[in-house]
Amino acid sequence: VQLQASGGGLVQAGGSLRLSCAASGRTFSDHVMAWFRQAPGKEREFVAGISRNGGSTMYADSVKGRFTISRDNAKNTLYLQMNSLKPEDTAVYYCAARRGWLITITADIEDYMYWGQGTQVTVSS
């Protein structure tokens, strides 16, 4: 599956952004999806994940209550609504997909087979 992330930008602390990830090439609804992020000088980290039908989600503690992951399987698109943004949320955000026959949401980067190109989110203080 090919993934194309978009929606990043520069926002002030406390503001909101909505990221999108457009999928093509395979049946989108077959894949567990997730968002990861990588800040300068840091390792890539899990942000949020969602099951194939959108019924289950998982979040990193650092974003719980502020970020919401969702998907529209009819539009082959994954979303990340980010509210109450903080400067420490500044990073390149990546969407990722697990192999099609796997059904568990995980936070392990090694479990994700397909990756988008990333979109920059910068939160100013």
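Keep in mind the model is a prediction, meaning the values are calculated, not measured. Throughout this document, residue positions are counted from 1 along each chain, in the order its sequence is written. The model is predicted, so local features are restricted to residues of pLDDT at least 70 and side-chain atom pairs to those at 80 or more, both for listing and for counting; the totals for chains, interfaces and linings are taken over all residues. Excluding hydrogens and water, the side-chain values take into account all heavy atoms of the structure.

Q: Lay out the nonpolar core in plain terms, naming residues and giving numbers.
A: Take the buried Ala, Val, Leu, Ile, Met, Phe, Trp, Tyr and Cys residues and link them wherever side-chain atoms come within 4.5 Å; each set so joined is a nonpolar core. Only protein chains enter the calculation, and the probe is 1.4 Å; a residue is then buried if its accessible area is under 20% of its type maximum, exposed if over 50%, and partly exposed in between. Of all hydrophobic cores here, the largest spans 38 residues; its most connected members are Leu3, Trp35, Leu78, Leu80, Met82 and Tyr93. With five residues, strand 9 (residues 91–97) is the single largest residue contributor to this core. Not counting the four nearest positions on each side in its chain, Tyr93 is found in contact with Ala5, Leu19, Trp35, Phe36, Arg37, Val47, Phe67, Leu80, Met82, Gly118, Thr119 and Val121. Each helix is a run of DSSP H or I of at least 4 residues and each strand a run of E of at least 2, with the numbering of both proceeding from the N terminus. A contact between two residues is defined here by any heavy atoms of the two lying within 4.5 Å.

Q: Would you mind going over the sheet that holds strand 3 (residues 17–24) in detail, with residue names and values included?
A: Two strands qualify as a pair provided that DSSP identifies no fewer than 2 bridges between them. Pairing within the open sheet is antiparallel, and its four strands lie in the order 1-3-8-7. Since the sheet does not close on itself, it has two edges, and those belong to strand 1 (2–6) and strand 7 (67–72), each with one partner. Across the sheet, the mean angle from the axis of one strand to that of its neighbour is 15°, orientation sign disregarded. Convention adopted: a line fitted to C-alpha atoms gives each axis, helices being fitted over their contacting stretch, and angles between N-to-C directions are expressed from 0 to 180 degrees.

Q: How would you summarise the packing of aromatic side chains if you had to cite specific residues and measurements?
A: Stacked, tilted and edge-to-face are the three classes applied to pairs of Phe, Tyr and Trp rings, where Trp contributes its six-membered ring and a pair requires centres within 6.5 Å; stacked means planes under 30 degrees apart, edge-to-face means over 60, and tilted covers the rest. Within the structure shown, the criterion is met by four aromatic pairs. Taking the centre distance of 5.2 Å and the plane angle of 75° together, the rings of Phe36 and Tyr112 count as edge-to-face. Here Phe36, found in strand 4 (residues 33–38), pairs with Tyr112, found in the loop between strand 9 and strand 10 (114–115); they are 76 residues apart in sequence, far enough to count as distant. By relative accessible area, which is 0% here, Phe36 ends up buried.

Q: Help me get a handle on the pattern of salt bridges, residues and values and all.
A: Just to be clear on terms, a salt bridge is a Lys or Arg side-chain nitrogen sitting within 4 Å of an Asp or Glu carboxyl oxygen. All chains considered together, the criterion is met by four salt bridges. Salt-bridge contacts for Asp89 lead to Arg37; the nearest nitrogen and oxygen are separated by 2.9 Å. One end of the pair, Asp89, is in the loop between strand 8 (77–82) and strand 9; the other, Arg37, is in strand 4, with 52 residues separating them in the sequence. In terms of burial, Asp89 and Arg37 fall into one category: buried. Between Asp61 and Lys64 there is a salt bridge, with its nearest N and O atoms 3.2 Å apart. Linked through salt bridges whose partners overlap, the residues forming this network are Arg37, Glu45, Arg66 and Asp89.

Q: Residues and numbers for the state of the cysteines, please.
A: We call a pair of cysteine sulfur atoms a disulfide when they lie within 2.5 Å. This model, assessed by the stated rule, comprises one disulfide. A sulfur-sulfur separation of 2.1 Å characterises the disulfide bridge that pairs Cys21 with Cys95. Given an S-S torsion of about 70°, the disulfide between Cys21 and Cys95 has right-handed geometry. Taken together, the residues Cys21 in strand 3 and Cys95 in strand 9 connect sequence positions 74 residues apart. As far as burial versus exposure is concerned, Cys21 and Cys95 are alike and both buried.

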